[in-house]
Amino acid sequence: MTKSAAIPASAETKAIVARFFEVLALLTERRVIRGKQTFCRRYGINRWNMNYCAGNPESGMFKLSWLTYLVRDYKVSADWLLVGKGSPLPPPTEAELKALELYRSRKGRRS
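Residues numbered from 1 in each chain as written. Predicted model: local features only at pLDDT ≥ 70, side-chain atom pairs only at ≥ 80, totals over all residues. Heavy atoms only, no water.

### Quick look at the overall build of the protein
When you go through the protein residue by residue, the secondary structure sums to six helices and zero strands. In terms of overall dimensions, the protein has C-alpha extents of about 60 × 30 × 20 Å along its principal axes. The buried share among the 111 residues of the protein stands at 25%. Sequence separation of at least 24 residues holds for 58% of the intrachain contacts in the protein that already meet a minimum separation of 6. (Helix = DSSP H or I, 4+ residues; strand = E, 2+ residues; numbered from the N terminus. Buried < 20%, exposed > 50% of the residue type's maximum accessible area, 1.4 Å probe, protein only. Contact = heavy atoms within 4.5 Å.)

If you want it as structure tokens, here you go:
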């Protein structure tokens, strides 16, 4: 049995991977998750593989299941992830805005 050669990533695949990392950053900014490490721990993802995928979206190491976690658990728009249409996330709730404001005010006092 021979190993099959990796299929080069299409422009669409690279765009999906880019949107995945974009929304992870947005979730971190909104304080929904602490960062990539938190996401990786929660889902049993090797963080080094994820970091490699961020810099090398054409590597073929990106797992479709990672998209599922975002859609299912964080209400990320599947339309946005897959085709870039619409907004990645619903607007933040009033409670989320207050929590973010509190976080930023505390962070500003430390500087």
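### Some thoughts on the packing of helix H1 (residues 11-29) against helix H4 (residues 64-74)
The interhelical angle for the contact between H1 and H4, taken along N-to-C directions, is 40°, at an axis separation of 11 Å. If you check the angle between H1 and H4, you find them oblique. Crossing geometry of H1 relative to H4 is assigned as left-handed. Here Ile-16, Phe-20, Val-23, Leu-24 and Leu-27 of H1 lie close against H4, whose contacting residues are Trp-66, Leu-67, Leu-70 and Tyr-74. Per-class residue counts for the contact of H1 with H4 are nine nonpolar, no polar and no charged. (Axes fitted to C-alpha atoms, helices over the stretch in contact; angles between N-to-C directions. Parallel < 35°, antiparallel > 145°, perpendicular 65-115°, else oblique. Left-handed = near helix turned anticlockwise from the far one by under 90°. Nonpolar A, V, L, I, M, F, W, Y, C, P; charged D, E, K, R; others polar.)

### Looking at the packing of aromatic side chains
Scanning all chains against the criterion turns up nine aromatic pairs. Centroid distance Tyr-43 to Tyr-69: 4.1 Å. Interplanar angle 5°. Geometry classified as stacked. Taken together, the positions of Tyr-43 in helix H2 (residues 36-43) and Tyr-69 in helix H4 put the pair 26 residues apart, joining distant regions of the chain. Each member of the pair, Tyr-43 together with Tyr-69, is buried. An aromatic cluster is built from Phe-20, Phe-21, Phe-39, Tyr-43, Phe-62, Trp-66, Tyr-69 and Tyr-74, whose rings are joined through pairwise contacts. Taking NZ or CZ as reference, Arg-47 lies 5.2 Å from the ring centre of Trp-48, over its face. (Phe/Tyr/Trp six-rings, centres within 6.5 Å; stacked < 30°, edge-to-face > 60°. Lys NZ or Arg CZ within 6 Å of the ring centre and 35° of its normal.)

### Here's the deal with a positive patch on the surface
On the surface, a cluster of positive charge is made up of Arg-31, Arg-34, Lys-36, Arg-41, Arg-47 and Lys-107. The residue Arg-34 is located in the loop between H1 and H2 in this model. Look at Arg-34 and you get exposed, because its relative accessible area is 70%. (Patch = residues over 30% accessible without salt bridge, like charges linked within 9 Å, V, L, I, M, F, W, Y side chains within 5 Å. Areas by Shrake-Rupley, 256 points an atom, 1.4 Å probe, with all protein chains shown as cover. Salt bridge = Lys/Arg side-chain N within 4 Å of Asp/Glu carboxyl O. Lys, Arg positive; Asp, Glu negative; His and termini not counted. Charge placed at Lys NZ, Arg CZ, Asp CG, Glu CD.)

By themselves, these observations are geometric and do not establish any function.
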